[in-house]
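Coordinate analysis (summary)
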Amino acid sequence: MKYYKLFIGLLCICFVRISYGQNTTSSRFLEILNNLENPYVMVAAHRGDWRNAPENSIQSSKNCISMGVDILELDVRKTKDNRLVVIHDKTIDRTMTGKGNVSDYTLEELKMMRLTASTGHQTRHQIPTFEEILELTKDKIMIDIDKGYDYYDDIIPILKEYEIMNQCIFNVPAIFYDSLVRKCNDIPEDLIIQVIVDPYDLNSLKIIDSYRKHPHVIVQMVYKDESAPLLRSIPEIKKHFPVWFNALWPEHSAGHDDDIAVEENKPDETWGWLIEKGANILQTDRPSQLLEYLEKKGLR
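The following refers to the structure shown.

Moving on to the nonpolar core. Of all hydrophobic cores here, the largest spans 66 residues; its most connected members are F130, L159, Y211, M221 and F245. Residues within four places of F245 in sequence aside, it is in contact with M221, Y223, L231, I234, L274, K277, G278, A279, I281, L282 and Q283. Listed in part, the 14 residues of the second largest apolar core include I32, Y40, A44 and I169.

As structure tokens, then:
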């Protein structure tokens, strides 16, 4: 009888892991995303942990997973033989040991080159395919697909194949939701859409409101100064949508950026300011330091 109960208990544990384990990352994210009163601030790592590994690389992605980042931001381009690879620029000049457009090379040719570090020197790392990043990140970290809008029809079938749709945020420009539907045709309900709006455009509130037709939406904006009209509407926006701010550069955050937070040791005046303005998600080039700051503030 004792062993029978033990066996049943083990079966129950296995069932729970099978039923819920595969969706832990996305379920936890959506729980936070849908509770707009939750003080938890999510961290998005811009192009991965690029200070310690080549940007948009497998290693920079692994680093983000290890440090507990919530969202890995990445960019997608298409090769000459129509394969999706993860790289920010249209050209390989800045980030690889080669010259020319990504679209000038086949995947095999790109794999023969190496990624360069932020210092400009050659590394041992290769450009990853979109599928390789999905295999690495599945059930471990959310991903934000930034430069992927032009390849929507290529990306969505891959997300379906890997059963990773609800683990992905897909960035779209500031167009009305109905226009997006007409362009994209198939917009899965479990895909998280992030609409990037212009905070200086008074039409932005109407655009944002149109996305109430989709179950999971994030609003992102960048602003060069504090006069951006939409900043005054953040409390109203947050009644329905979580808000994503960028701490990357001064022109993205009205001067309240990562470098001032770290190099001048003014995190309250920068990250703290962005949080006070309503950020549910902060995209950063300093993920480890931002995580430490948020933990000290009890925001994680």
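Right, let's get into the packing of helix 3 (residues 58-67) against helix 5 (residues 130-137). At a minimum axis distance of 11 Å, the contact between helix 3 and helix 5 shows a crossing angle of 20°. Taken together, the axes of helix 3 and helix 5 are roughly parallel relative to one another. Regarding helix 3 and helix 5, the two cross each other, and that crossing is right-handed. For the pair helix 3 and helix 5, contact is made by I58, S61, K62 and I65 and by E132, I133, L136 and T137, respectively. Class assignment of the residues belonging to the contact of helix 3 with helix 5 gives a composition of 4 nonpolar, 2 polar and 2 charged.

Turning to the pattern of salt bridges, a few remarks are in order. Summed over the entire model, instances satisfying the criterion amount to 18 salt bridges. For D70, the salt bridge identified is with R300, shortest N-O distance 2.7 Å. In this pair, D70 is assigned in the loop between helix 3 and strand 2 (71-74) and R300 in the segment after helix 12 (287-296), connecting sequence segments 230 residues apart. Overall, R300 belongs to the partly exposed group, its relative accessible area being 26%. The salt bridge involving D89 is made with R94; its shortest N-O contact spans 2.8 Å. On the accessibility criterion, D89 (16% relative accessible area) is buried. We classify R94 as partly exposed; its relative accessible area is 43%.

With that settled, the discussion passes to the side chain of E131. Locating E131 in the fold gives a position in helix 5. Dropping the residues within four chain positions of it, E131 is found in contact with R83, L84, I158 and Y162.

Attention now moves to the sheet that holds strand 2. Sheet architecture is closed into a barrel: 8 strands sit in the order 1-2-5-6-7-8-9-10, paired in parallel fashion. The average angle at which neighbouring strand axes cross in this sheet is 25°, direction not considered. Where strand 1 (residues 42-45) and strand 10 (residues 281-284) come together, 4 bridges link them in parallel fashion. By the bridge assignment for strand 10, V43 is matched with L282.

Turning to the environment of W271, a few remarks are in order. Mapped onto the elements, W271 comes out in helix 11 (residues 271-276). Along the primary structure W271 and A44 are separated by 227 residues, whereas in three dimensions their C-alpha atoms are 13 Å apart. Dropping the residues within four chain positions of it, W271 is found in contact with A247, D258, A261, V262, L282, R286, Q289, L290 and Y293.

The side-chain alternation of strand 5 (residues 142-145) yields two buried faces, one formed by M142 and D144 and the other by I143 and I145. Note: strand 2 against strand 5, 4 bridges, orientation parallel. Bridge assignment links E73 to a residue of strand 5, and that residue is D144. Examined bridge by bridge, strand 5 and strand 6 (residues 168-172) share 3 bridges and lie parallel to one another. Bridge assignment links I145 to a residue of strand 6, and that residue is F170. Between strand 5 and its parallel partner strand 6, the chain crosses via helix 6 (residues 152-161), and the hand of that crossover is right-handed.

The rules behind each value
Residues numbered from 1 in each chain as written. Predicted model: local features only at pLDDT ≥ 70, side-chain atom pairs only at ≥ 80, totals over all residues. Heavy atoms only, no water. Core = buried A, V, L, I, M, F, W, Y, C linked by side-chain atoms within 4.5 Å. Buried < 20%, exposed > 50% of the residue type's maximum accessible area, 1.4 Å probe, protein only. Contact = heavy atoms within 4.5 Å. Axes fitted to C-alpha atoms, helices over the stretch in contact; angles between N-to-C directions. Helix = DSSP H or I, 4+ residues; strand = E, 2+ residues; numbered from the N terminus. Parallel < 35°, antiparallel > 145°, perpendicular 65-115°, else oblique. Left-handed = near helix turned anticlockwise from the far one by under 90°. Nonpolar A, V, L, I, M, F, W, Y, C, P; charged D, E, K, R; others polar. Salt bridge = Lys/Arg side-chain N within 4 Å of Asp/Glu carboxyl O. Pairing = 2+ DSSP bridges. Right-handed = clockwise from strand over helix to strand, strands pointing away.

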